[in-house]
Amino acid sequence: ITSAKVKELGINVGATIVGIAAADDFTGAPEGCRPADKLQDCRSVIVLGSPFPRKALAKRTVEYTVIRNGMVEKMEKAAKDVATNIKQSGYQTKVIGGLGGKRINGRFYGHISVKHAAELAGLGSITRNDLLTNPRYGNLLWFSAVLTDADLSPDKKSQFNVCDACDKCVAVC
């Protein structure tokens, strides 16, 4: 299976953007949150992203939660579909959704940080607001990931830099 095939598959099952990171690049992640901690012999992390609907932000109501839950389901289904296809090629996989995780030393960590995985996979940069920002979709992306022992060609880490330290985001926040 190739990186190009995996990316095409990701788009075909509903993701808007797809990137691939090397599992070895997660050296800064806390123990227990690295890809190999979740899938022994993990070589590649496939990150699937889709824009979060702007209409969910217009009102702070139950509608936001319904839309968020729909995004969780959509992205986890996309990841499961990609994982199923990769398994059919003879590789191991593990799906990582956008929710869930655990507390380590008083801080919450995802099973793996899909935000950091997205940055390593070239899908954007983590900015001062601690969100991943993509040049096309801003910070309104929802992610899922697939861990695999397939040795896929990783994408280059994003060089996109939205921050020039103007502090506008800090003032608004």
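Up top is the structure these notes are about.
If you're wondering where the values come from, they're calculated on a predicted model, not measured in any experiment.

Chemist: When you look at the packing of aromatic side chains in this model, what are you seeing that I'm missing?
Modeler: For any two aromatic rings, the description comes down to two numbers: the centre-to-centre distance and the angle of the planes. Within this structure, the stated rule accounts for 1 aromatic pair. Centroid distance phenylalanine 52 to tryptophan 142: 5.9 Å. Interplanar angle 35°. Geometry classified as tilted. Pair noted here: phenylalanine 52 is in the loop between β2 (44–51) and α3 (55–58) and tryptophan 142 is in strand β8 (residues 141–148), with a separation of 90 residues, a long-range link. Exposure class is identical for phenylalanine 52 and tryptophan 142. Each is buried.

Chemist: Can you help me understand the sheet that holds β8 in this one?
Modeler: By way of backbone hydrogen bonds, the strands of a sheet pair with one another, either parallel or antiparallel. Spatially, the 4 strands line up as an open sheet ordered β1-β2-β8-β3, and their pairing is antiparallel. Bordering the open sheet on either side are β1 (17–22) and β3 (93–96), each of which pairs with just one other strand. On average, adjacent strands in this sheet sit at an angle of 20° to one another, irrespective of strand direction. Pairing analysis gives 4 bridges linking β3 to β8, with the strands arranged antiparallel. If you follow valine 95 over to β8, its bridge partner there is valine 146.

Conventions used here
Residues numbered from 1 in each chain as written. Predicted model: local features only at pLDDT ≥ 70, side-chain atom pairs only at ≥ 80, totals over all residues. Heavy atoms only, no water. Phe/Tyr/Trp six-rings, centres within 6.5 Å; stacked < 30°, edge-to-face > 60°. Helix = DSSP H or I, 4+ residues; strand = E, 2+ residues; numbered from the N terminus. Buried < 20%, exposed > 50% of the residue type's maximum accessible area, 1.4 Å probe, protein only. Pairing = 2+ DSSP bridges. Axes fitted to C-alpha atoms, helices over the stretch in contact; angles between N-to-C directions.

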